[in-house]
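Each chain, written out:
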Amino acid sequence: MAEVGEIIEGCRLPVLRRNQDNEDEWPLAEILSVKDISGRKLFYVHYIDFNKRLDEWVTHERLDLKKIQFPKKEAKTPTKNGLPGSRPGSPEREVPASAQASGKTLPIPVQITLRFNLPKEREAIPGGEPDQPLSSSSCLQPNHRSTKRKVEVVSPATPVPSETVPASVFPQNGSARRAVAAQPGRKRKSNCLGTDEDSQDSSDGIPSAPRMTGSLVSDRSHDDIVTRMKNIECIELGRHRLKPWYFSPYPQELTTLPVLYLCEFCLKYGRSLKCLQRHLTKCDLRHPPGNEIYRKGTISFFEIDGRKNKSYSQNLCLLAKCFLDHKTLYYDTDPFLFYVMTEYDSKGFHIVGYFSKEKESTEDYNVACILTLPPYQRRGYGKLLIEFSYELSKVEGKTGTPEKPLSDLGLLSYRSYWSQTILEILMGLKSESGERPQITINEISEITSIKKEDVISTLQYLNLINYYKGQYILTLSEDIVDGHERAMLKRLLRIDSKCLHFTPKDWSKRGKW
């Protein structure tokens, strides 16, 4: 059995922790750092196959030294630019040997698109064009299908087929409770935002104009042992104390403090409670800077320009980085708008969460980063932020999608929102003159402002798409209907479009800056 003094960075061994059921378990963990406080050693561990927000400092009593795995001493492999590769002890950065041998680069997450291949027999059916509904005189037998649908993974650079996918909605028991056939989709208003060639950096490295585009996706190639470790112990924000989940690049001298104090209105940080109290006597803000564009009850949304309110935007990014691992931090906030959701009481407007978006997005992104602060999670505010982002897209007259990759919690929230929104549309359809209600994928996208690829992937996730007698149908089972109705009863917070006062700007015009 190894001794405590032999444990070094990169070692792997089982570590005792409590799970959600308050039971002891011994998952495998990696030692990321070792420190000595008053003669007592502490070990910073990352649990393999667990989210990084669970990383923590532990004492040697929680380590199973009998099963320790020391890091292998391997020669550093040079990369293409001659720089040494990542250290072998890092599980997140290992590259499969097959990918290296073939010379292929590992893909960044791609969008999954359904491409429907219609059978040749359909060509002989009258009115069998892709955009035309097909009639069916017999009841649906869900187990009898003439062909299977194909699912292909298409890279973002691959053109997405522009055909409207016809669909009919049937309950799975074959009754005529809800049945929808397809109608030709309507053309959506084109995107009024264009690209600006002048916004790109000049060849000599000096920006010729303010940067108007940007992405907040984290580049994991620059990840190192410092950014893999939480550096802030605790944050006091108003009446809440927050325990950060991830690394955030606050000044180095603040990382040794037991508590970091933030003004909840301007988000400036201080070393002590006395510094915060002195700041509050001079800070006259009682709400986020910017324009209040929505208010209903105690919920308000403020639109903040990253160029006009640079200090607030940077402080907001620093706070958000404590809880977002898949996004990076931009000190250049000029290309972004920030929409901050607040809750009002007699003391002011308290920040609940926010999302940011690019002023100009070539990928139709309507969200770059989105976050609900931990004290307000599991209360419906996440879906409210998502719903508000799509409400803005409706006013702008275009469809939108969040910037990828999403965090695990973000993916759950978006998938739930997409499912509820699309099911709400399908279940609200009514038949006319005894015929099946009709709808197309394009029409669902147009009504909800959800991008067509997200609509199709959600229908696939819910397993609603079936092929029957020459046309695609959507099958709603009783379980799905009942589950949706129960979920909507719990969803009390909704965006009221009448309370939104928002006028979109054409950011391609330099004068708007």
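Remember, it's a predicted structure, so these values are computed and weren't measured experimentally.

### Things to note about the overall build of the chain
- Along the chain, the regular secondary structure elements total eight helices and 23 strands.
- Taken across its 513 residues, the chain has 46% of its residues classed as buried.
- Within the chain, counting contacts between residues at least 6 apart in sequence, those at least 24 apart form 65% of the total.
- Total accessible area on the chain stands at roughly 27500 Å², and carbon and sulfur atoms take up 51% of it.

### Things to note about the pattern of salt bridges
- For the coordinates displayed, the defined rule picks out 21 salt bridges.
- In this structure, the salt-bridge partner of Lys310 is Asp334, at a minimum N-O distance of 2.4 Å. Of this pair, Lys310 sits in helix 3 (residues 310-321) while Asp334 sits in the loop between helix 3 and strand 16 (336-345); the two residues are 24 residues apart in sequence, bridging distant segments of the chain.
- Overall, the relative accessible area of 11% leaves Asp334 in the buried class.

### Section: the environment of Phe338
- Residue position: Phe338 is located in strand 16.
- Taking the C-alpha atoms as reference points, Phe338 and Ile370, separated by 32 residues in sequence, lie 9.7 Å from one another.
- Not counting chain neighbours up to four residues away, the residues in contact with Phe338 comprise Phe302, Glu303, Ile304, Gly306, Ser313, Leu316, Cys317, Thr333, Tyr354, Phe355 and Ser356.

### Some words on the sheet that holds strand 15 (residues 299-305)
- Strand order in the open sheet formed by five strands is 14-15-16-17-19, with antiparallel pairing between adjacent strands. The open sheet is flanked by strand 14 (291-296) and strand 19 (369-372), the only strands paired with a single partner. The mean inter-strand angle of the sheet, taken between neighbouring strand axes irrespective of direction, is 20°.
- Where strand 17 (residues 348-358) and strand 19 come together, four bridges link them in antiparallel fashion. Following the sheet pairing, Ser356 is matched in strand 19 by Cys369.

### Brief notes about the pairing of strand 17
- Across the eleven residues that make up strand 17, a large majority, eleven, are buried.
- Where strand 16 lies against strand 17, ten bridges are found, and the strand directions are antiparallel. Bridging across to strand 17, Met341 finds its partner in Gly353.
- Taking the residues that link successive antiparallel strands as the turn, the strand 16-strand 17 hairpin has two residues.

### Quick notes on unusual backbone geometry
- Cis geometry is found at the peptide bond from Lys404 to Pro405, where omega equals 0°.
- One can find Pro405 in the loop between strand 20 (401-402) and helix 5 (408-427).
- The backbone of Asp49 shows a phi angle near 70°, a positive value even though the residue is not glycine.
- When its relative accessible area of 79% is taken as the criterion, Asp49 is described as exposed.
- We note that Leu267 has phi near 65°; this positive angle belongs to a residue other than glycine.
- Along the chain, Leu267 turns up in the loop between strand 12 (260-262) and strand 13 (269-270).
- Overall, Leu267 belongs to the buried group, its relative accessible area being 0%.

### Thoughts on the sheet that holds strand 10 (residues 235-237)
- The strand order across the open sheet formed by four strands is 11-10-12-13, and the pairing between neighbours is mixed. Each edge of the open sheet carries a strand with a single partner, namely strand 11 (240-242) and strand 13.
- Inspection of the sheet shows strand 10 paired to strand 12 by three bridges, in the parallel sense. Pairing of Leu237 across the sheet is with Leu262, part of strand 12.

### As for the UniProt feature "active site" (unreviewed entry) in the chain
- Under the feature "active site" (unreviewed entry), the UniProt entry names Glu403.
- Along the chain, Glu403 falls in the loop between strand 20 and helix 5.
- Glu403 gets classed as buried once you look at its relative accessible area, which sits at 1%.

### As for the nonpolar core
- Formed by 78 residues in total, the largest nonpolar core has its most connected members in Phe301, Leu319, Tyr354, Phe388, Leu426 and Leu459.
- A total of eight residues in this core trace back to one element, the largest contributor, which is helix 5.
- Listed in part, the 14 residues of the second largest apolar core include Val15, Ala29, Leu63 and Leu65.

### Focus on a positive patch on the surface
- Judged by side-chain charge, Lys268, Lys274, Arg278 and Lys282 come together as a positively charged surface patch.
- One can find Arg278 in helix 2 (residues 273-282).

### Things to note about the packing of aromatic side chains
- Evaluation of the coordinates by the stated rule reveals 18 aromatic pairs.
- Put simply, the rings of Tyr294, Phe301, Tyr339, Phe355 and Phe388 touch in pairs and so form one group of aromatic residues.
- Lying across the ring of Trp245, Arg53 places its NZ or CZ 5.1 Å from the centre.
- In this arrangement the basic side chain of Arg415 is found over the ring face of Tyr461, its NZ or CZ atom lying 4.3 Å from the centre.

### Describing the packing of helix 4 (residues 381-396) against helix 5
- It is at 10 Å that the axes of helix 4 and helix 5 come closest, and there the two elements cross at 60°. Of the possible angle classes, the one that applies to helix 4 and helix 5 is oblique. The handedness of the crossing between helix 4 and helix 5 is right-handed. Where helix 4 abuts helix 5, its residues Lys383, Ile386, Glu387, Ser389 and Tyr390 lie against Ser413, Tyr414, Ser416, Tyr417, Trp418 and Gln420.
- Classifying every residue of the contact of helix 4 with helix 5 by side-chain character gives five nonpolar, four polar and two charged.

### A word on the packing of helix 5 against helix 7 (residues 452-461)
- Packing of helix 5 against helix 7 leaves a shortest axis separation of 10 Å and a crossing angle of 90°. Between helix 5 and helix 7, the angle is such that the two are roughly perpendicular. Residues Arg415, Trp418, Ser419, Ile422 and Leu426 of helix 5 form the contact with helix 7, whose participating residues are Asp454, Val455, Thr458, Leu459 and Tyr461.
- Taken together, the residues of the contact of helix 5 with helix 7 sort by class into six nonpolar, two polar and two charged.

The rules behind these values
As a convention, each chain's residues are numbered from 1 in the sequence order in which they are written. Local features in this predicted model are restricted to residues whose pLDDT is 70 or higher, and side-chain atom pairs enter the listing and the counts only when it is 80 or higher, whereas totals over whole chains, interfaces and linings include all residues. In computing side-chain properties, one takes all heavy atoms of the structure into account and sets aside hydrogens as well as water. Starting at the N terminus, helices and strands are each numbered in turn, a helix being any DSSP run of H or I of at least four residues and a strand any DSSP run of E of at least two. Three exposure classes are used, based on accessible area relative to the maximum for each residue type with a 1.4 Å probe and protein chains only: buried under 20%, partly exposed in between, and exposed over 50%. Any pair of residues with heavy atoms lying within 4.5 Å of one another is described as a contacting pair. Every accessible area reported is derived by Shrake-Rupley at a probe size of 1.4 Å, with residue values counting cover from the shown protein chains alone. The rule for a salt bridge is simple: a side-chain nitrogen of Lys or Arg has to be within 4 Å of a carboxyl oxygen of Asp or Glu. Pairing between strands requires that DSSP locate at least two bridges from one strand to the other. Note on definitions: angles span 0 to 180 degrees between N-to-C directions of axes, and those axes are lines fitted to C-alpha atoms, for helices only across the stretch in contact. UniProt positions are given in the numbering used here, feature names are shortened, and annotations may be inferred rather than shown by experiment. As used here, the term nonpolar core means buried Ala, Val, Leu, Ile, Met, Phe, Trp, Tyr and Cys residues forming a set that is joined through side-chain atoms within 4.5 Å. A residue counts toward a patch only above 30% relative accessible area and without a salt bridge, and it is joined to like-charged neighbours within 9 Å or, for Val, Leu, Ile, Met, Phe, Trp and Tyr, to nonpolar neighbours within 5 Å. Under the counting rule used here, the positive set is Lys and Arg, the negative set is Asp and Glu, and His together with the chain ends is not counted. In plain terms, the charge of a residue is placed at NZ if it is Lys, CZ if Arg, CG if Asp and CD if Glu. Paired rings are identified among Phe, Tyr and Trp, the last through its six-membered ring, by centres lying within 6.5 Å, and are further divided according to the angle between planes into stacked (under 30 degrees), edge-to-face (over 60) and tilted (the rest). Two thresholds decide whether a charge sits over a ring: the Lys NZ or Arg CZ must be within 6 Å of the ring centre and within 35 degrees of the ring normal. Here is the rule for angles: anything less than 35 degrees is roughly parallel, anything more than 145 is roughly antiparallel, 65 through 115 is roughly perpendicular, and the remaining ranges are oblique. In this scheme, a crossing is called left-handed if the near helix is turned counterclockwise away from the far one by less than a right angle; it is called right-handed if the turn is clockwise. Throughout, the ten residues Ala, Val, Leu, Ile, Met, Phe, Trp, Tyr, Cys and Pro are labelled nonpolar, Asp, Glu, Lys and Arg are labelled charged, and all others, Gly among them, are labelled polar.

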